[in-house]
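Chain by chain, the residues:
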Amino acid sequence: MSSIPHDHVAGHGHDAHDHRPSGIMRWVTTTNHKDIGTLYLWFSFTMFLVGGVMALTIRAELFQPGLQVVHPEFFNQLTSLHGLIMVFGAIMPAAVGFANWMIPLLIGAPDMAFARMNNWSFWLLPPAAILLITSLFVPGGSVSAGWTMYPPLTIEAGMGMDLVIFAVHIMGASSIMGSINIITTILNLRAPGMTLMKMPLFCWTWLITAYLLIAVMPVLAGAVTMLLTDRHFGTSFFNAAGGGDPVLFQHIFWFFGHPEVYIIILPAFGIISEILPVYSRKPLFGYASMVYAVAGIAILSFIVWAHHMFTVGMPTAGLLFYMYATMLIAVPTGVKVFNWLATMWKGSITFETPMLFALGFLFLFTMGGFTGLVCAIMPVDIQIHDTYYVVAHFHYVMVAGSLFAFFGGVYHWIPKWTGTMYSEKIGQWHFWLSLVFFNVAFFPQHFLGLAGMPRRIPDYATQFTDWNMVSSIGAFGFGLSQLVFLWAVIKCVRGDGEKAPAKPWEGATTLEWTLPSPVPYHTFETPPVVK
Amino acid sequence: MERTSKGIRGQRLAAATFAALSGLPGVALAAREWNLQTPVTEIARQQYELHTFIFWICVIIFVGVFGVMFYSLFKHRKSVGHQAEQFHENTVVEIVWTVVPFLILFFMAYPATKTILAMKDTTASELTIKVTGYQWKWNYDYLQDGFGYYSNLTTPLAQIENREPKGEHYLLEVDNPMVVPVDTKVRVLITAGDVLHAWWVPAFGVKQDAIPGFVRDSWFRAEKVGTFRGQCAELCGKEHGFMPVVVEVKSKEDYAKWAAEQKAKVASAAEDPSKVWDEKALAERGEKVFAANCAACHQATGKGVPGAFPALDGSKLVLGPTAAQIALVLNGKAGTAMASFKQLSNTDLASVITYTRNAWSNKTGQAIQPAEIQAARK
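Residues numbered from 1 in each chain as written. Chains lettered and ligands numbered in written order. Predicted model: local features only at pLDDT ≥ 70, side-chain atom pairs only at ≥ 80, totals over all residues. Heavy atoms only, no water.

How should the overall build of chain A be read in this particular structure?
Scanning chain A from N- to C-terminus turns up 18 helices and zero strands. A compact globule built from 531 residues should have a C-alpha radius of gyration of about 24 Å, and chain A, at 23 Å, falls within 12% of that. Structurally, chain A occupies a C-alpha span of about 70 × 50 × 45 Å along its principal axes. A buried classification covers 69% of the 531 residues belonging to chain A. Looking at chain A alone, contacts between residues at least 24 apart form 82% of all its contacts between residues at least 6 apart. Approximately 16,400 Å² of chain A is accessible, and the part contributed by carbon and sulfur atoms is 72%. Taking the 21 positively charged and 24 negatively charged side chains of chain A as two groups, their mean positions are separated by 12 Å. (Helix = DSSP H or I, 4+ residues; strand = E, 2+ residues; numbered from the N terminus. Rg over C-alpha atoms; globule rule 2.2 N^0.38 Å. Buried < 20%, exposed > 50% of the residue type's maximum accessible area, 1.4 Å probe, protein only. Contact = heavy atoms within 4.5 Å. Areas by Shrake-Rupley, 256 points an atom, 1.4 Å probe, with all protein chains shown as cover. Lys, Arg positive; Asp, Glu negative; His and termini not counted. Charge placed at Lys NZ, Arg CZ, Asp CG, Glu CD.)

What follows is the structure, given as C-alpha cells:
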C-alpha cells in the first residue's frame, strides 16, 4: 500500500519515480508487481529445469529393464522430489507470476494491493526450494514415499523428510499470502466501470483459484504437521498401533490434493480464455457460463477427493458417491471446451505461437480429460490406479494442460513485458517440437498402464520394454525442446528482435494493450475508465 | 465368451488406430502390451468391457469435438479471407451442451454401479486366504486349513544388475505362489505388517491396498487353470518394484492334493506324541519349560520357598512313582497354589517332569516319554 502515495507524489516528474536500488538489491527489495512477476516466472523456470533433470534421470533409468543409472532408493527420491518441485516450485509459481504481471494490467490497477507482502511471498520460495534440494544431501536422503508423502513410510524416513515438511509449510505460507493479495487486488482495485462480470476471464479464474488456495493450503499444512508430530513427538495420528489410521492421512492429503489439481489448471483456463478470442478476432463465447463453470468446478473439487483412494477399501456407498461426483466434473469442463470451440467458430483465425499453444492445450487437455473420465469409473480405476495410465493422465492435464497454457501466455504477453517481439520462427519450432515429443513421451504410458506396469518402480518386467524406450526418447526430446523456449525468451529480454508496438495483436481488446511496449515501470497511476 | 473376444479385438484395433493417428513410431508389439490383460474372472471381464465401452464413447466425442475444431481452423482462417462474426452467446446451444453430457454420464454410471455392487459382495466365499504385505514379500495364510507361508521374489540379482540375460518372467516370479482352486469363490483378507502395500492381480481385477493395522477384503473366482502375475501397486520403500504377486490356479483335485500336502507338512513339523526321546534331550527342553512355568514358586534351585512352596530337590513325590507326579502336574492339588498344567503339550510335560527327576541332587536317570503323559490324560 505504501507505494501508492509515493507514486502520486513522484508522478510529477515522470522519470524521477523510477529510481530504485540497482543490481541485486533492486530484486531483493522490490515491491513492484512487474518485478515480482518476473521473479516468480524465472524462479518457476529454474525449478522447471531442476525438476526436468530429475525426470530425465528417471526416464534414463527406465530406458531399459534392469538397474543401470541409479539405485532404487535414490530413484524413489527422484520421483518424489520431481513431483513436489514441479507442482510447488514450477507450475504454481508460474501461475502466480502471471497473476502478478497481468492482474493489475488487466483490471487497470497501479499495483497489487499489498506490495510489501507481495515481496515477502516471493522471497519465501527460494529458501523453500533450498530446503527441498538440500534434503537430497542429508543422511538418509530426501523424501522417498512419493510427492503424496503417505505414512507409515514417511514416519520411518530420515531427516530429509523434516526438511521437506518445512519446505511445504513455507511454500504454503507463500501461497496463502499470494492469494490474499490477489483477492484483495481484484475485489478492491478494479478501474472505475469494470464490474466483476466485465473482468477478463483470467482474473475470474485466479480469483476462484485464490479462494481454493486459502481453503486447502492450511489443510495440507495440518497434514504434514501431524506427520511431523508422529515422527518426533510421540503422537499416533497415522499409526494404527497407537489408535490412529494411515488412511486418515490420505483423506486429509487429498482434501487438499484435489482442489490443488484445479489450482494448477484454472489459471491456465484463464490464459487460454484470453488467447483464443484475440487470435480468432471474436469475443469469448459464453462469458457468464465460463464464470459459472469455473465456480462449479471449484465447488465440485471439494467433494471428489476420495477418487484418488478407490483402492483403500471404502464402503460401497462411498465408492458410488465419489464416482458419481467425479463424473459430474465432466459437465462444467465440457462447457468450457465447447465455449472455446464456439469462440473460434466463424472467427478470423491466425496461427501465431500463442494460438498454437492454446490449440495444443485444447487438444491434449481434452485427451487428459477423457482419461480422467476413464479413471473416474471406479471398476476401471481398480485396474489402472497406481499404474502408468495415471501417470499419462496427469501429465496430459498438467504438462500439455497447464504448462502449454503458460507457454502460450508467455508468447502472448512477452512483447508487452520486454518491448521486443519474440521470433515467430523459434516460437513455432518450440511448439511443434514440444507437441510431438510430449506425445511420444506420454502417449505410450497409457499402454504401459493398461498392460499392468505400476508407477514408481525403477525396474520392470521385460514385456514393458518397447514402450518405455519410446517414452524415454520422447522425454529427452521434450526436455531439450525447452531450451528452444529459453532461447526465444532470452532474445526478447536482450531486445534482440523486432520492436513491439503497443498492440501487436490485431484482435486484442484488453487494457494492457492500451499501454506502451515495453510497459512502463509504473502503470495506471490514474485509473482508466472502462465503459 | 464370443461377445468378449470380439470386444477385445475391437479394442485392440481401436488402440492401434489411436496410436497410429497420434504419429507414434511403428514399433511391432504383441497385443497384450496395448491393453488390459486378458480377464480370467467375471469382475475383470466386466472391468474390461466397461473400459472398452467408455473408450469408444470418448473416441466418438473426441472425433465430434475436434472435427468441429479442425473444420473451424480450416474454414474460418483469416488467410482464406474469413471475416469474424461477433456473436458471443446462444442460450439454447449452451443448455444443450450442458444437458447432453449429463445424459451420457448417466449411461456410463449405470453399468459401473452394477460392477461395483458385484465387486463389493464378498459373501458366500468357499475359501478364505489372509494376505499380509511385508517389506518386501507377501505372506499367504490359509486360515481354514491352518498353514501359511511367505512368497519371495526369485529373480536373481545378477539379472537385475544386467550381469545375466533376463529370464522369461523377470521380476514376476516367486518361490511360493498363492495357490487356489479354479471356479471357487476365494475371499482374500488383506493387511500389512509394516507400511502400505497393495495386492494386485490384473487378470483377476483385484487391487486392494494392504494397510497396517486394518484388514480389508476382496474376492475373486478364477475361471481358468494357470499362473497369473501381478505386482505390489502401492509404493512401499526401496524394493517396491521387486515384490511380485503370483497366483497359481489349480484344478479342484490338484488343489485338494496340494492342500493336503501342505497340511501334512505342518503336521510333521508339529510334535509327534509317539516319538521316543532320550533323557538328555528331554531334560534340556524341560529346563526351559521349568523356568517358564515352575521356577517362580519352586525356584530355579529346586529348593522352593520354605513354608510356602515345597522343595522339589529331594522331594519324596518327585523321587517316588512317576504316575503320582504326572497326575499332580496334570491336575494340580486342590487347596494349594499348585495349579493344573494340562494346557502344556505332552512333550513339554514329559520334558519338565524328566528334568525335575534328574536335576539338582535328584538323579533318578528316568526319562518320561510324551506317550505316558498322553495315557495319563483323561
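Read on for the rest.
Would you take a moment to explain helix α13 (residues 330–344) of chain A for this structure?
One turn of the α-helix equals 3.6 residues, which is why residues spaced by three or four share an orientation. Residue and element names in this part refer to chain A. Taking 1.5 Å as the rise per residue, α13 with 15 residues should run 21 Å; its terminal C-alpha atoms sit 21 Å apart, in good agreement. Buried residues dominate α13, accounting for 14 of its 15 residues. Phi turns positive one or two residues past the end of α13, at K346, with a value near 60°. (Expected span 1.5 Å × (residues − 1).)

Where do I start with the pattern of salt bridges in this structure?
Side chains that differ in sign of charge can pair as their charged atoms come close. Throughout the structure, instances matching the rule amount to 17 salt bridges over all chains. Its salt-bridge partner being E126(B), residue R221(B) comes within 3.7 Å of it at the nearest N-O pair. Of the two residues, R221(B) sits in the loop between β8 (216–220) and β9 (226–231) while E126(B) sits in the loop between α3 (91–119) and β1 (127–134), which places them 95 residues apart along the sequence. Exposure remark for E126(B): the relative accessible area of 46% places this residue in the partly exposed category. Between E161(B) and R163(B) there is a salt bridge, with the nearest N and O atoms lying 2.7 Å from each other. Taking the relative accessible area as the measure of exposure, E161(B) reaches 37% and is therefore partly exposed. Beyond isolated ion pairs, a larger network of salt bridges with shared partners links R281(A), E506(A) and K78(B). (Salt bridge = Lys/Arg side-chain N within 4 Å of Asp/Glu carboxyl O.)

I tried to follow unusual backbone geometry on my own but got confused; where do I start?
Excluding glycine, a negative phi dihedral is what most residues carry, and trans is how most peptide bonds are arranged. The linkage connecting S517(A) with the following residue, P518(A), adopts the cis geometry, with an omega of -10°. Within the secondary structure, P518(A) sits in the segment after α18 (465–493). Of note, the amide linkage connecting Q135(B) to W136(B) takes the cis form, showing an omega dihedral of 0°. Note that W136(B) resides in the loop between β1 and β2 (137–142). With a phi close to 55°, A124(B) is a non-glycine residue in the positive phi region. If you trace the backbone, A124(B) turns up in the loop between α3 and β1.

What am I meant to see in the sheet that holds strand β4 (residues 178–181) of chain B here?
The pairing of strands in a sheet comes from backbone hydrogen bonds and takes either a parallel or an antiparallel form. All names here are of chain B. Spatial ordering of the open sheet is given by β4-β10-β9, a layout of three strands whose pairing is mixed. Two strands lie at the open edges of the sheet, namely β4 and β9, each paired on one side alone. Neighbour to neighbour, the strand axes of the sheet diverge by 25° on average, direction disregarded. Of the pairings in the sheet, the one linking β9 to strand β10 (residues 244–250) comprises six bridges and is antiparallel in character. Bridging from a neighbouring strand, G226 pairs with V249 of β10. (Pairing = 2+ DSSP bridges. Axes fitted to C-alpha atoms, helices over the stretch in contact; angles between N-to-C directions.)

Limitation: the analysis is restricted to geometry and does not speak to function.
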